Amino acid sequence: MARVRYIGAEPVTVPELGDRTVQPDEIVEVPDQRFEGYVCQPAAWEGIEEPKDDKPSAKKSTPAAKAPAVKEER
């Protein structure tokens, strides 16, 4: 779960959080996949803890083979 801070001036009810009332300056946990939906509203929400990257980074185990140079014969 990611975490965001509500920075609005008045308490707000957030249906996505089970109709929870969030107070100004309160930090709440939100689903990772919804983090961007909060922080894209910078007048109301501030990102505190970004979603964890659950996917391991894809690393190549072998270097890419170079194509052999081809000489044109004329």
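Residues numbered from 1 in each chain as written. Predicted model: local features only at pLDDT ≥ 70, side-chain atom pairs only at ≥ 80, totals over all residues. Heavy atoms only, no water.

1. Concerning the pairing of strand S4 (residues 27-30)
Regular strands place their side chains on alternate faces of the sheet.
No. 1: Side chains of S4 alternate between two faces, with Val 28 and Val 30 buried and Ile 27 and Glu 29 left unburied.
No. 2: Where strand S1 (residues 2-6) lies against S4, 4 bridges are found, and the strand directions are antiparallel. By the bridge assignment, Val 4 is partnered in S4 with Val 28. (Buried < 20%, exposed > 50% of the residue type's maximum accessible area, 1.4 Å probe, protein only. Helix = DSSP H or I, 4+ residues; strand = E, 2+ residues; numbered from the N terminus. Pairing = 2+ DSSP bridges.)

2. Some words on the pattern of salt bridges
No. 1: In this structure the tally under the stated criterion is 6 salt bridges.
No. 2: A salt bridge links Arg 5 to Asp 25, with the shortest nitrogen-to-oxygen separation between them at 3.3 Å. In this pair, Arg 5 is assigned in strand S1 and Asp 25 in the loop between strand S3 (20-22) and S4, connecting sequence segments 20 residues apart.
No. 3: Here Arg 5 falls in the partly exposed class, since its relative accessible area comes to 22%.
No. 4: Judged by its relative accessible area of 52%, Asp 25 falls in the exposed class.
No. 5: In this structure, Glu 26 and Arg 20 form a salt bridge, with 2.5 Å as the shortest nitrogen-oxygen distance.
No. 6: For Glu 26, a relative accessible area of 21% gives the class partly exposed.
No. 7: Counted as one network, the salt bridges with shared partners bring together Arg 3, Glu 49 and Lys 52. (Salt bridge = Lys/Arg side-chain N within 4 Å of Asp/Glu carboxyl O.)

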